[in-house]
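Coordinates in review
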Amino acid sequence: MDWTKAKTILIVALIVTNLVLIATYFLREYQFKSDEKEMKVATIRLLEDKNIFVETEIPKNHERMPKLTVQYDKIDQEIIEEQLANHKALMPEEVTGDNLIALTTDFIERCNLMTENVTFDKIERAEDSIRVTYKNYLGEYAIEESYMILTVTEGKITDMKRFWLNPVEVSDIKKEVIPAIAALIRFMSESTEEEKIHVQGISLVYWVDSNAFDAESPLTDTAFPTWKIIYNGGKIQHVTAWEQ
């Protein structure tokens, strides 16, 4: 037997086999992306037929996620009152975005409330006051219904509202997250709105139903991965994201 020729034939066969496998993989990927695109288009069409108009980017499929154990964190009101009475105020010309963040961050630290989960969210200016809001994040995911809102009047912090859920344990078990388009379908089926619905935001968060959470108790509760849908200028609907 001509081993050189046989070796050449074997190498060619292996190359052809690899090319076939690669082609099959890309064909399947193309088919999946094509089906995904068609599903997205069909979903948007269905939503529009029901007077629901998506005006934001629909997130792509997401990785598996765990549930989160949280515990309500009580506030020491005496420390808050002491810091409200004694902190240094900003002069009128100093009331800028950066200075407001620095002022409120320092206040949170002095109240012993600063953790790695505290994340600046936004500044809202009214006619006679300014609200600086901080949210609670675990990595890239917000822990919903968990916030600190500090009111600044004439350069001085005059009030702080706080509802805070401390993350205490991340589950070892991860489950599939339903696609955002599936969450939109559930949103559509559960909606009782009679007017047109304009969806302005879709994001994945951790959420505990605060109506069922006993803030006066030290007991823990469970926050589940949830799709947060913002519509019609700030209304919010939460749709469970875990596969059932």
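Residues numbered from 1 in each chain as written. Predicted model: local features only at pLDDT ≥ 70, side-chain atom pairs only at ≥ 80, totals over all residues. Heavy atoms only, no water.

**A closer look at the overall build of the protein**
The helix and strand tally for the protein stands at 4 helices and 10 strands. From first element to last, N terminus to C terminus, the protein shows the α and β order α-β-β-α-α-β-β-β-β-β-α-β-β-β. In the protein, which comprises 244 residues, the share counted as buried stands at 32%. In the protein, the share of contacts with a sequence separation of at least 24, taken over all contacts with a separation of at least 6, comes to 65%. If you sum the accessible surface of the protein, you get close to 15600 Å²; carbon and sulfur atoms cover 52% of it. (Helix = DSSP H or I, 4+ residues; strand = E, 2+ residues; numbered from the N terminus. Buried < 20%, exposed > 50% of the residue type's maximum accessible area, 1.4 Å probe, protein only. Contact = heavy atoms within 4.5 Å. Areas by Shrake-Rupley, 256 points an atom, 1.4 Å probe, with all protein chains shown as cover.)

**Here's the deal with the pattern of salt bridges**
Scanning the entire structure with this criterion turns up 8 salt bridges. When the shortest N-O distance is used, the salt bridge between K228 and E144 registers 3.3 Å. Here K228, found in strand β9 (residues 220-231), pairs with E144, found in strand β5 (residues 141-153); they are 84 residues apart in sequence, far enough to count as distant. K228 sits in the buried class, given a relative accessible area of 9%. For E144, a relative accessible area of 6% gives the class buried. Here K235 makes a salt bridge to E195, at a shortest N to O gap of 3.7 Å. A residue pair is termed long-range when its members are at least 10 positions apart, and K235 in strand β10 (residues 235-240) and E195 in the loop between α4 (180-190) and β8 (197-207) qualify at 40 residues. Given a relative accessible area of 34%, K235 falls into the partly exposed group. Residue E195 is classed as partly exposed on the basis of its relative accessible area of 44%. Among the charged side chains, a salt-bridge network with shared partners connects K122, E124 and R131. (Salt bridge = Lys/Arg side-chain N within 4 Å of Asp/Glu carboxyl O.)

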